[in-house]
Amino acid sequence: MKNILMIGTGGTIASQISGDALSPQLSPDELLALVPAISKLCRVECVSLFNVDSTSMTPAHWVKITQCVKDNYDKYDGFVISHGTDTMAYTAAALSYMIRGSKKPVILTGAQKPIGFDSTDSKINLLDAFTCACSDDMCGVNIVFNGRVILGTRARKTRSKSYAAFSSINYPYIATLQDGVLMQYIKPESSERPEFFTELDTNVGLIKMIPGMDFELLQFLAERKDAVIIEAFGVGGLPSYGDDKFLEIVINAIGKGKVIIMTTQVQNEGSDLAVYNVGHRLKGWRNVLEAYDMTTESALAKIMCILGQTRDSDEIRRAFYEPVAHDILYHCGEQNE
């Protein structure tokens with residue numbers, strides 16, 4: 001039997017009614033006791049790092065999870081992380097860059113209903129997560145939820161209440177599970193020894209464009225952040241409302257060494273700045289990067305990790321366009337420019 005470490009972080013799966021609302025209270029050991037079938041799959045040891053609603057998750061928590069996996073990597077065959085759903089996609093993306101190339105599975109799961117509820121999805125999600133953690137063919141960081149296995153760099157929460165809470169964006173599901181049977185279609189990339197990164201630059205901002213937006217909102221972020229991700233309309237671009245205020249802010253920011261990442265608020269198919277003039281005029285600027293088919297969650301986590309390692313413009317550009325765990329497919333040779 002394989003040895004698996006379960007890392008508890010809180011979330012709905014571990015919640016109970018406290019007063020008039022739910023809050024995380026159960027430990028990983030208490031969760032396991034409610035799913036006895038897991039003991040037939042593997043030997044499990046547990047550690048509770050913290051017990052928070054995932055709305056309160058921060059990059060500091062990502063560092064603690066990464067450090068826990070690093071400290072225990074040689075002792076276990078795989079890892080299961082119980083986590084709240086609201087920010088699970090951000091954590092999965094971050095861990096994909098912070099635990100890079102793991103040949104052992106690092107599985108995140110959670111639930112839309114607490115484990116104590118009659119209608120809970122907690123038990124099947126936990127059992128599926130441990131099934132994946134015990135698989136010889138599963139590796140790297142993945143989310144297991146509602147019978148689907150999703151790459152950590154491609155996951156997004158797309159439903160707020162339904163059991164099918166997560167979707168794989170611009171990439172196929174890695175595997176599916178039904179009645180405890182794992183059917184794997186794609187084997188994620190891995191290496192003999194993983195690389196661990198715990199230095200992050202968290203001074204990164206994100207802004208979503210809306211029609212008629214005041215340019216001063218972007219200016220505020222650009223002046224205060226080391227990098228700003230702009231969720232633009234459609235395939236991407238900056239609006240011009242009779243002037244070029246937005247473009248001027250971007251040019252001024254990159255002149256000061258800031259990084260601007262252009263992405264789209266459209267969920268599927270990604271950005272392409274080359275299509276329209278509003279986007280094409282951003283092409284060629286050294287510190288303007290395009291996310292293409294990356295998720296916003298991955299773009300955010302990736303630039304935090306990159307800026308935690310280097311401030312060299314050429315190295316930032318190269319690292320951003322270098323695929324990690326299939327996070328970016330369509331980058332048009334940008335890294336070679």
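Here the structure is shown first, and the text comes after it.
Residues numbered from 1 in each chain as written. Predicted model: local features only at pLDDT ≥ 70, side-chain atom pairs only at ≥ 80, totals over all residues. Heavy atoms only, no water.

(A) Focus on helix α9 (residues 313-321). Listed in full, the buried residues belonging to α9 are Ile316, Arg317, Ala319, Phe320 and Tyr321. Buried residues in α9 make contact with β17 (259-264), β18 (288-290) and α8 (296-307). (Buried < 20%, exposed > 50% of the residue type's maximum accessible area, 1.4 Å probe, protein only. Helix = DSSP H or I, 4+ residues; strand = E, 2+ residues; numbered from the N terminus. Contact = heavy atoms within 4.5 Å.)

(B) Representation of the layout of surface pockets in the model. Size it by volume and the largest pocket reaches roughly 200 Å³. Gly11, Thr12, Leu22, Asp53 and Asp86 are the residues nearest the centre of the largest pocket, which is lined by 14 residues in total. Tallying contributions element by element places strand β3 (residues 21-24) first for the lining of the largest pocket, with 3 residues. Residues of the lining of the largest pocket, tallied by class, amount to 2 nonpolar, 9 polar and 3 charged. (1 Å grid on protein atoms, 1.4 Å probe; cavity = no way out; pocket = protein on both sides within 12 Å on 5 of 7 lines; lining within 4 Å. Points joined across faces, edges and corners; volume = space filled by probe spheres on them. Nonpolar A, V, L, I, M, F, W, Y, C, P; charged D, E, K, R; others polar.)

(C) Broad picture of empty space enclosed by the protein. Per the stated rule, a full pass over the model turns up 4 cavities of 30 Å³ or more. Here the largest cavity is characterised by a volume of approximately 110 Å³. Those elements giving two or more residues to the lining of the largest cavity turn out to be β6 (99-100) and β8 (140-145). If one sorts the elements of the lining of the largest cavity by residue count, β8 sits on top with 3 residues.

(D) Quick peek at helix α2 (residues 59-72). If you check α2, its first and last C-alpha atoms are 20 Å apart, about what 14 residues at 1.5 Å a residue would give, namely 20 Å. For α2, every residue scored as buried is listed here: Pro59, His61, Trp62, Ile65, Thr66, Cys68, Val69 and Asn72. (Expected span 1.5 Å × (residues − 1).)

(E) Main features of a nonpolar patch on the surface. There is a patch of nonpolar side chains on the surface, built from Ile17, Leu22 and Phe117 and spanning about 260 Å² of accessible area. Tracing the backbone shows Phe117 in the loop between β7 (105-109) and α4 (122-133). (Patch = residues over 30% accessible without salt bridge, like charges linked within 9 Å, V, L, I, M, F, W, Y side chains within 5 Å. Areas by Shrake-Rupley, 256 points an atom, 1.4 Å probe, with all protein chains shown as cover. Salt bridge = Lys/Arg side-chain N within 4 Å of Asp/Glu carboxyl O.)

(F) Quick peek at the pattern of salt bridges. Scanning the entire structure with this criterion turns up 15 salt bridges. Where Asp86 meets Lys157, a salt bridge forms, and the shortest distance between an N and an O atom there is 2.8 Å. Remark: Lys157 occurs in strand β10 (residues 155-157) and Asp86 occurs in the loop between β5 (78-82) and α3 (88-98); sequence separation between them is 71 residues. Of the charged contacts, one joins Arg311 and Asp201 as a salt bridge, the two residues approaching to 2.5 Å between their closest N and O atoms. Pair noted here: Arg311 is in the loop between α8 and α9 and Asp201 is in the loop between β14 (195-196) and β15 (204-208), with a separation of 110 residues, a long-range link. Overall, Arg311 belongs to the exposed group, its relative accessible area being 51%. The exposure class assigned to Asp201 is buried, which follows from its relative accessible area of 9%. Salt bridges linked by common partners bring Asp201, Asp226 and Arg311 together as one network.

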